[in-house]
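Each chain is listed here by its residues.
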Amino acid sequence: MNLVLFGPPGAGKGTQAKLLTEARRLPQLSTGDMLRAAIAAGTELGRNARAIMDRGDLVSDDIVIGIIAERLHEADCAGGAILDGFPRTIAQAEALDRLLLSRGTKIDFAIELKVNDEALIERSGNRVREMLATGQTPRADDTPETLRNRLEVYYRNTAPLIAYYRNQGKLKTVDGMALIPEVAKSIAALLDGSA
Ligand code: ADP
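Conventions adopted
Residues numbered from 1 in each chain as written. Predicted model: local features only at pLDDT ≥ 70, side-chain atom pairs only at ≥ 80, totals over all residues. Heavy atoms only, no water. Axes fitted to C-alpha atoms, helices over the stretch in contact; angles between N-to-C directions. Helix = DSSP H or I, 4+ residues; strand = E, 2+ residues; numbered from the N terminus. Parallel < 35°, antiparallel > 145°, perpendicular 65-115°, else oblique. Left-handed = near helix turned anticlockwise from the far one by under 90°. Contact = heavy atoms within 4.5 Å. Nonpolar A, V, L, I, M, F, W, Y, C, P; charged D, E, K, R; others polar.

J.: Mind showing me how you'd approach the packing of helix H6 (residues 117–133) against helix H7 (residues 144–158) here?
T.: The angle between the axes and the distance between the axes are what describe a pair of packed helices. Between H6 and H7, the shortest axis-to-axis distance is 11 Å and the interhelical angle comes to 140°. When the interaxial angle is binned, H6 and H7 end up oblique. With respect to the hand of their crossing, H6 and H7 are arranged in right-handed fashion. Residues Asp117, Leu120, Ile121, Ser124 and Arg127 of H6 form the contact with H7, whose own contacting residues are Leu147, Arg150, Leu151 and Tyr155. In the contact of H6 with H7, the residues fall into 5 nonpolar, 1 polar and 3 charged.

Set out below in structure tokens:
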């Protein structure tokens, strides 16, 4: 099973993707994590992506499509994957459909996590405070100004995926305002066809 998880920054994609990987035994493919790993490793990709990510803008479609294409070739993706933070544009969604088709597979469901903007701003502030309190370094893109840009980028570039996947009959919308285990339960019910 191939699943896409999408939603605005702070909607809980990463959290739910992790729970899904455990429940469904599928790898989590997070382009955000892969790009942050490239930055930490100081690769050319990381050096190029850093300023873009720090501003809250999108890394180019070619780059992220290349990363995902390579990753999907690995053996652990043979039975499917949980895509977290990819696709983020229509061009990425089309490329993903083509990539999967060439491997004789497809996206089964695209899960949109819906959360209102005020809650996202509050969650981001909480995340920064929690990280500081536990001696970790907050993400460079978790400042109020950058979050505002990330939200704008989401509504402009990523929200069109709602119609894209609805037209394909694959869209499932989940209320991301609920508690983490409740959201996980709603997703499980959707995947198991009981909702
Ligand atoms: P969030 O959903 O909280 O914004 P992510 O970890 O998914 O966090 O993404 C962090 C940043 O990484 C994005 O703001 C963007 O700069 C970059 N990025 C991640 N995935 C993609 C993608 N599919 N296309 C373009 N840029 C991406």
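J.: Explanation requested: the packing of helix H4 (residues 61–72) against helix H5 (residues 90–102) in the structure shown.
T.: The contact between H4 and H5 brings their axes to 10 Å, and the two run at 25°. With respect to H5, the element H4 is oriented roughly parallel. Of the two elements, H4 crosses H5, and the hand of that crossing is right-handed. When H4 is examined against H5, the residues Asp61, Val64, Ile65, Ile68, Ala69 and Leu72 are found in contact with a partner set consisting of Ala91, Gln92, Ala95, Leu96, Leu99 and Leu100.

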